[in-house]
Amino acid sequence: MTEFARLTAQFELSGFPEGLDSLYDQYAVGYQPHALMRRELIGEMCARFEAGAQAEQRLLAALDEIGANPELLKLSSFLVHDMCAARHRLDLDDYHVMEPKKGVEHAELYSCLLLFACIEPSMRRLEKLGMPPEYYEKTPFSPAKRQLEKLRSTGDGRVSDFPWDMNFYTCSLFPLGRFNFIPFRVDDPIRVFRKGKETVAFFTEPHRIRRDGMIDGVNGQKDPEAFDIRYEEKDGIVTGWPICPAGTVEPQPRSIALAEWEMVLQKGDILMGFHIPGGPGYDPQHLRDDCLMCYEFFKKWFPEIEIKGFGSESWLYDPHLAMLLEGRGNIAKMQCQMYIYPIESGDGQVWRELFHGRRSPDEVEPKSRLQKAAAEYMEQGGRFTPCSMFVLAQDLPRVEREPLYAEESVYRSVWERMRQPLSAQEGNET
């Protein structure tokens, strides 16, 4: 048993990614015991966000407990060190809530303290790069404020969304203009080719596709007439079922000659994650201008990261939404600027974002036009399907000014086909 395995078993700790044993061994070689974080930082944040004396005392007691246990301190110091490094390795979503189940009295505050301990080393890293403080000095304190307000009002110190908050505490996510950006590696099995301004994407792994062009089984909908797709590269020819930029898989295969097409994106490549805070400005102009600004920002401060484009997953990319809005408004306009592709994600995002977590049309009191249209569609048996998207870096200057991946009529054709809900067998939801 490695030392890392022994320590995590000793405290019954989980929530960390696999494969940390060798990284821990490297860290342990030069480890010198030191405080997990400045005690003063807790006092400063509690005063700044009016967390109250009781919350401050609890956090300091939890910090002192870690410092008084040499083995827990060493393990915790490594985890903070690696959490700060993980985002720069582009390992996303591997860390989750870590709460010791044995030998730690203040276990419910452990994850919170690990995240707080990431703040100052992460800010120092960017300071050493010479990056102006205005790009990062507020970033880690956004989730810290919410965390301390929750601790004060409810007494609950647990972290609700550890992977997402970790982006802020490690100063890995940058608010630039209207959107938030963080790089990530493409994990979907896609391969994208380009010839001139024409772009075509294929899934590289077998899938079963429903008649509506979505992946069979999403939302528990199994289509008895679904078709199978595959991908093959042979003798300089790629053959596969192309993904329509509007977010569906085409029912007929296509072959392209590798000598004529350049492969521009595949699994493992780096895209800039594109995250959408609420509020105005979700429109093609901000998409173009803010992504161009972000692209230049990362070329300047992180030239070692080769950004192929921008991408993310969202309920806003669901072609069903554009259909319900009859192609009007910024949701539809934005979809027409993106290469959208289906993923194995059900309609939970729509319930969470559009109906505040309710999961039955009977519980819904629709107010907005989109809420009303969505509720009516669900009453007819319709379901929603979040999608992923990408916009290639070389296409950013053309956003809004000309069609990128298909004419608007192609998107509208897909939207129109979705007007009638798919008739499919219901099973276990994906």
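A quick note: this is a predicted structure, and the numbers were derived from the prediction, not measured.

Draft legend 1. A look at the sheet that holds strand S17 (residues 387-392). Taken in spatial order, the six strands line up as S1-S2-S14-S15-S17-S16 in an open sheet, and their pairing is mixed. Each edge of the open sheet carries a strand with a single partner, namely strand S1 (174-176) and strand S16 (339-342). Across this sheet, the average inter-strand angle for adjacent strands is 35°, counted without regard to direction.

Draft legend 2. Here's a closer look at the sheet that holds strand S4 (residues 198-203). Taken in spatial order, the five strands of this open sheet run S11-S10-S4-S3-S13, and their pairing is antiparallel. With one partner strand each, in any of the chains shown, strand S11 (248-249) and strand S13 (262-266) form the two edges of the open sheet. Sheet analysis places S4 next to strand S10 (residues 242-244), joined by two bridges and oriented antiparallel. If you follow Phe202 over to S10, its bridge partner there is Pro242.

Draft legend 3. Quick look at helix H13 (residues 369-379). Within the span of H13, buried status applies to Leu370, Gln371, Ala373, Ala374, Ala375, Tyr377 and Met378. Lining the buried residues of H13 we find helix H10 (319-324), helix H11 (330-335) and helix H12 (348-355). Residue Gly381 follows H13 closely and has a positive phi angle near 95°.

Draft legend 4. Spotlight on the environment of Gln57. Its place among the elements puts Gln57 in helix H4 (residues 53-68). Classification of Gln57 by relative accessible area gives exposed; the value is 55%. Spatially, the C-alpha atom of Gln57 lies 62 Å from that of Glu225, the residues being 168 residues apart in sequence.

Definitions and limits used
Residues numbered from 1 in each chain as written. Predicted model: local features only at pLDDT ≥ 70, side-chain atom pairs only at ≥ 80, totals over all residues. Heavy atoms only, no water. Pairing = 2+ DSSP bridges. Helix = DSSP H or I, 4+ residues; strand = E, 2+ residues; numbered from the N terminus. Axes fitted to C-alpha atoms, helices over the stretch in contact; angles between N-to-C directions. Buried < 20%, exposed > 50% of the residue type's maximum accessible area, 1.4 Å probe, protein only. Contact = heavy atoms within 4.5 Å.

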